[in-house]
Amino acid sequence: MENEIWSFIKLVRQKSPLVHNITNYVAMNNSANALLAIGASPVMAHAHSEVDEMVSIADSLVINIGTLDEYWSESMLKAAYRASILGKPWVLDPVGCGATSFRNELLHKLLQFKPSIIRGNGSEIMALAKTNKTITKGVDSTGESEDAVEAARIISRQYQCVVCVSGAKDVVLNDTRTVFLENGHPLMTKVTGLGCSASAVIGAFSGVFEDKLQATTAAMALMGVAGELAEMKAEGPGTLQLHLIDKLYNITKEEFCSRVKISEP
Amino acid sequence: MENEIWSFIKLVRQKSPLVHNITNYVAMNNSANALLAIGASPVMAHAHSEVDEMVSIADSLVINIGTLDEYWSESMLKAAYRASILGKPWVLDPVGCGATSFRNELLHKLLQFKPSIIRGNGSEIMALAKTNKTITKGVDSTGESEDAVEAARIISRQYQCVVCVSGAKDVVLNDTRTVFLENGHPLMTKVTGLGCSASAVIGAFSGVFEDKLQATTAAMALMGVAGELAEMKAEGPGTLQLHLIDKLYNITKEEFCSRVKISEP
Amino acid sequence: MENEIWSFIKLVRQKSPLVHNITNYVAMNNSANALLAIGASPVMAHAHSEVDEMVSIADSLVINIGTLDEYWSESMLKAAYRASILGKPWVLDPVGCGATSFRNELLHKLLQFKPSIIRGNGSEIMALAKTNKTITKGVDSTGESEDAVEAARIISRQYQCVVCVSGAKDVVLNDTRTVFLENGHPLMTKVTGLGCSASAVIGAFSGVFEDKLQATTAAMALMGVAGELAEMKAEGPGTLQLHLIDKLYNITKEEFCSRVKISEP
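Residues numbered from 1 in each chain as written. Chains lettered and ligands numbered in written order. Predicted model: local features only at pLDDT ≥ 70, side-chain atom pairs only at ≥ 80, totals over all residues.

To continue, consider the overall build of chain A. Counting its secondary structure elements, chain A contains eleven helices and nine strands. Computed over the C-alpha atoms, the radius of gyration of chain A is 17 Å, within 12% of the 18 Å expected from 2.2 N^0.38 for a compact globule of 265 residues. If you line up chain A on its principal axes, its C-alpha atoms span 45 × 40 × 35 Å. A buried classification covers 63% of the 265 residues belonging to chain A. (Helix = DSSP H or I, 4+ residues; strand = E, 2+ residues; numbered from the N terminus. Rg over C-alpha atoms; globule rule 2.2 N^0.38 Å. Buried ≥ 20, exposed ≤ 12 C-beta atoms within 10 Å, placed from the backbone.)

Below you can see the structure in the form of structure tokens.
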């Protein structure tokens, strides 16, 4: 498995997929740098006048609602619609789902365009399951737990997509497989936008590989291992952020394969 | 005094206040990272469709007009109004006050919603005093000086708020107390958005403590001491920025208490 | 020549030009930090209600279309028009030219306000030459090559401006001179927004010096040499970005003059 994932990482560098991001202001710089570091080509574009064209030339699309407003919501809907029409893979990052009804309503609409992959933390994924009023039963916790995995399973089944719940232990699942990843470091939660960068990296992998569960697993494994290695050199969240970008760029096969911890029960 | 301020810093970590920021594009990433590093939870939200809800769930609000436009101005007015109605503490950072009439007019309107704390540099605070046409007498210098302190006093009295003038020496005052801080390093002025981060950090402290003068003093002391310590490891403004975030995260009681310089004449 | 350029760098520090940027979200922080590091004063402002005033008080203007939308396009047109009326130097960075018709059309309009300097990579400059339908012949390659230089020459002649094509070898030309620069390092292409920062730095130099070809050459030489020196300390694109800002701030005459490689055939 380690060797297969490593071959994925190498192939992303070779193919250099063009990833179209409609993301939040806070994470734009991080996300672009993470994409460049793994060998992908980032483009950021949200104008109603150009999102259709940009989706057409991109290999994949990433939509992150972190700092949405009415204009940007429309951009996201246009882009998601276009991606679904063209059959392009697209990733949804439901930042802050559950915080306001504006976010919940937009997410409910975006889900209709069937994202290929959804990545969020436990509370976001649980809140997302609730936005569809018919499937809210049994999803009522706020921690990262079995409930989040159950919520992920419900969403995955409903929208036929891969769902990734990131946390101390990451879970990636679709309707037939469930994969657990145990890489990463708690200090990563103290750097803004690393979850957003993870979604961007998933976007790059999903632009290259047909199997979206494998693509998501590989992307999360890379982020997790690079984060662990970066933390060893960091003195706090400031330097962690920089070493993580460095490590996404210069990670070796040995570093990666000796550390990655994936299990599929 | 040092021990009391240190206890404030520890309490912010424990309480982890949710700070709602409507800030500029340049400083969003810095500000979010500074808030995470001190143990607070940042949220950035400006949509007219959600600012009300976001203010309601936040512990405090920070408004920074750095890259304003007509839409964002309206967001800021909505949020400030909501904070004033709900009695939530809010911080105003009048970036570039005096540069254009658009900024001056927005600030004049925002002041009507009585910010809890205003933080700016000397020239911004002096320009701000002038935006209220009835109180402009005697405020006509451009340097950081006695005039800035006088302007701060006028604003503080008029709007019943704490005013912080940051510079080589920081001043924090309300109508009964005036505190001087002598930490920080000149190299900090060469990093974009550190003033904005200071305002965000003040937001976090003001979300936890009733006494806004003490909250502001503690926040500025933390930024100043962390900046001094960061500068010792930095080779320029690029590395200073990262070490500052690290130090906000890992500063020790001894480091803080041995360096903080506060006086109240 | 080295000594003359070094004197330019020193003069920018002394004069501290105010550079008005209407740039993309990804590069705003980098660009502001690069400007501060070289001793300039950055201001970011795009509101229709204030761009005119901001252009009037600035020493130069930089327009970068990286994350444009309909509102920002209008801001850019207003600012470019104002700069042309006031005779202020302005720099155009045609990010992503050729990717969508929205970008091409905006650029076609902006060119009518005669930028002082245009900086882009080879494919952007070639695409830009094509936006003027009357002059597209012979410009049909996609690599960075002789074709890009030829496109630069056509644009320069047509709009009477300096054109800079950045790449492994940078070219700066106007209708009488062509200068080549051979500094920089390939790792710089893995950091987002460094081209945008280069345009901002050109903006600073163009706000101080009459001769825009010399100003552009000096700015690109500084970015290139600082990038080389930063790369020696970097372990990847993350740390490169920070060391570059440090080096823009603390570069010495000896470091600069011993490395700069400029030729004029």
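From this point on, the discussion continues.
With that settled, consider the interface of chain A and chain B. Chain A puts 23 residues into the contact, and the matching count from chain B is 26 residues. Considering every element that reaches the side of chain A that touches chain B, the biggest residue donor is helix α10 (residues 237–250) of chain A, with four residues. When grouped by side-chain class, the residues that make up the side of chain A that touches chain B number eight nonpolar, ten polar and five charged. (Contact = placed C-beta atoms within 7 Å. Nonpolar A, V, L, I, M, F, W, Y, C, P; charged D, E, K, R; others polar.)

What follows deals with the sheet that holds strand β5 (residues 117–121) of chain C. Residue and element names in this part refer to chain C. Ordered in space as β2-β1-β3-β4-β5-β6-β7-β8-β9, the nine strands form an open sheet in which the pairing is mixed. Either end of the sheet is taken by a strand with one partner, and the two such strands are β2 (41–44) and β9 (262–263). As defined by bridge partners, strand β1 (residues 18–22) adjoins strand β3 (residues 60–64) across four bridges and the pair is classed as parallel. Following the sheet pairing, I22 is matched in β3 by I63. With respect to the sheet, helix α6 (residues 122–131) is in contact with β5 and β6 (162–166), its orientation differing from that of β5 by roughly 120°. (Pairing = 2+ DSSP bridges. Axes fitted to C-alpha atoms, helices over the stretch in contact; angles between N-to-C directions.)

On to the packing of helix α2 (residues 28–37) of chain A against helix α8 (residues 194–206) of chain A. All names here are of chain A. Where α2 meets α8, the axes come as close as 9 Å, and the angle between the chain directions of the two elements is 40°. It follows that α2 is oblique to α8 by the angle criterion. For the crossing formed where α2 meets α8, the hand is right-handed. On α8, the residues that touch N30, S31, A34 and L35 of α2 are C196, S197, A200, V201 and A204. Its residues placed into classes, the contact of α2 with α8 shows six nonpolar, three polar and no charged. (Parallel < 35°, antiparallel > 145°, perpendicular 65-115°, else oblique. Left-handed = near helix turned anticlockwise from the far one by under 90°.)

To continue, consider the relation of the copies chain A and chain C. Overlaying chain A on chain C yields an RMSD of 0.0 Å, the required transformation being a rotation through 120° with an accompanying axial translation of 0.0 Å. This pairing of chains is accounted for by a three-fold axis. Relative to the rotation axis, the C-alpha of Y25 of chain A is the closest in chain A, positioned 3.8 Å from it. Each copy contacts the other with its own distinct surface, as only 12% of the interface residues of chain A are interface residues in chain C too. (Least-squares fit on C-alpha atoms with pLDDT ≥ 70 in both.)

Residue and element names in this part refer to chain A. Side chains P42 and M44 project from strand β2 (residues 41–44) onto a buried face, and the interleaved S41 and V43 project onto a face without burial. Relative to β2, strand β1 (residues 18–22) runs parallel, the two being bridged by four bridges. Residue pairing in the sheet places H20 in a bridge with V43 of β2.

Right, let's get into the relation of the copies chain A and chain B. When chain A is fitted onto chain B, the two copies agree to an RMSD of 0.0 Å after a turn of 120° and an axial shift of 0.0 Å. A share of only 13% of the interface residues of chain A reappears at the interface of chain B, consistent with the copies meeting through non-equivalent patches.

Now for helix α8 (residues 194–206) of chain C. Under the 1.5 Å per step criterion, the end-to-end length of α8 of chain C is 18 Å for 13 residues, consistent within 8% with the ideal 18 Å. The buried count for α8 of chain C comes to 13 of 13 residues, which makes it a mostly enclosed element. (Expected span 1.5 Å × (residues − 1).)

Right, let's talk about the environment of D170 of chain A for a bit. Residue and element names in this part refer to chain A. Mapping D170 onto the fold places it in strand β7 (residues 170–173). Owing to 24 C-beta atoms within 10 Å, D170 belongs among the buried residues under this scheme. For D170 and L181, which are eleven residues apart along the polypeptide, the C-alpha to C-alpha distance reads 5.0 Å. Beyond its immediate stretch of four places on either side in the chain, D170 contacts C164, V165, L181, M220 and G224.

Residue and element names in this part refer to chain A. On average, residues of chain A carry a pLDDT of 94, and 95% of them reach 70 or more. Ignoring residues within four places in sequence, the model shows residues 134–143, a span with pLDDT below 50, making 16 contacts including any to other chains. In the predicted assembly, ipTM is 0.95 and pTM is 0.96. (pLDDT = per-residue confidence, 0-100.)

Before going further, it helps to examine the sheet that holds strand β8 (residues 178–181) of chain A. All names here are of chain A. Strand order in the open sheet made by the nine strands is β2-β1-β3-β4-β5-β6-β7-β8-β9, with mixed pairing throughout. Strands at the two margins of the open sheet, each flanked by one partner only, are β2 and β9 (262–263). Of the strand pairs in this sheet, strand β6 (residues 162–166) and β7 are connected by three bridges, and their pairing is antiparallel. Across the sheet, residue V163 finds its bridge partner in β7, namely L173. Relative to the sheet, helix α6 (residues 122–131) contacts β5 (117–121) and β6, its axis offset from that of β5 by approximately 120°. Lying on the sheet, helix α7 (residues 146–159) is in contact with β5, β6 and β7; it crosses β6 at an angle near 160°.

We now examine the pairing of β5 of chain A. Looking along a regular strand, one sees side chains alternate from face to face of the sheet. Residue and element names in this part refer to chain A. For β5, the tally of buried residues reaches four of five residues, placing the bulk of the element in the interior. Crossover connection from strand β4 (residues 90–93) via helix α5 (residues 101–111) to parallel β5: handedness right-handed. Pairing analysis gives five bridges linking β5 to β6, with the strands arranged parallel. Bridge assignment links R119 to a residue of β6, and that residue is C164. (Right-handed = clockwise from strand over helix to strand, strands pointing away.)

This part covers the interface of chain A and chain C. At the junction of the two partners, chain A supplies 26 residues and chain C supplies 22 residues. Counted by class, the side of chain A that touches chain C contains 16 nonpolar, six polar and four charged residues.

Right, let's talk about the packing of α6 of chain A against α7 of chain A for a bit. All names here are of chain A. At a minimum axis separation of 8 Å, α6 and α7 run at an interaxial angle of 45°. Relative to α7, the element α6 lies oblique. The two elements α6 and α7 meet at a crossing, and its hand is left-handed. Of the residues in α7, those touching α6 at G122, I125, M126, L128 and A129 are D147, A148, A151, A152, I154 and I155.

Moving on, we come to unusual backbone geometry. All names here are of chain A. Look at S16: it is not a glycine, yet its phi comes out positive at around 45°. Residue placement: S16 occurs in the loop between α1 (2–15) and β1. Here S16 falls in the partly exposed class, since 17 other C-beta atoms lie within 10 Å of it. Unlike most non-glycine residues, K114 shows phi in positive territory, near 45°. For K114, the location among the structural elements is in the loop between α5 and β5. Exposure remark for K114: the 15 C-beta atoms within 10 Å place this residue in the partly exposed category.

This part takes up α6 of chain A. All names here are of chain A. Along α6, nine of the ten residues are buried, which leaves the element largely enclosed by surrounding structure. Considered for burial, the residues of α6 that qualify are G122, S123, E124, I125, M126, A127, L128, A129 and T131. Where α6 is buried, its residues contact α5, β5, α7 and β6.

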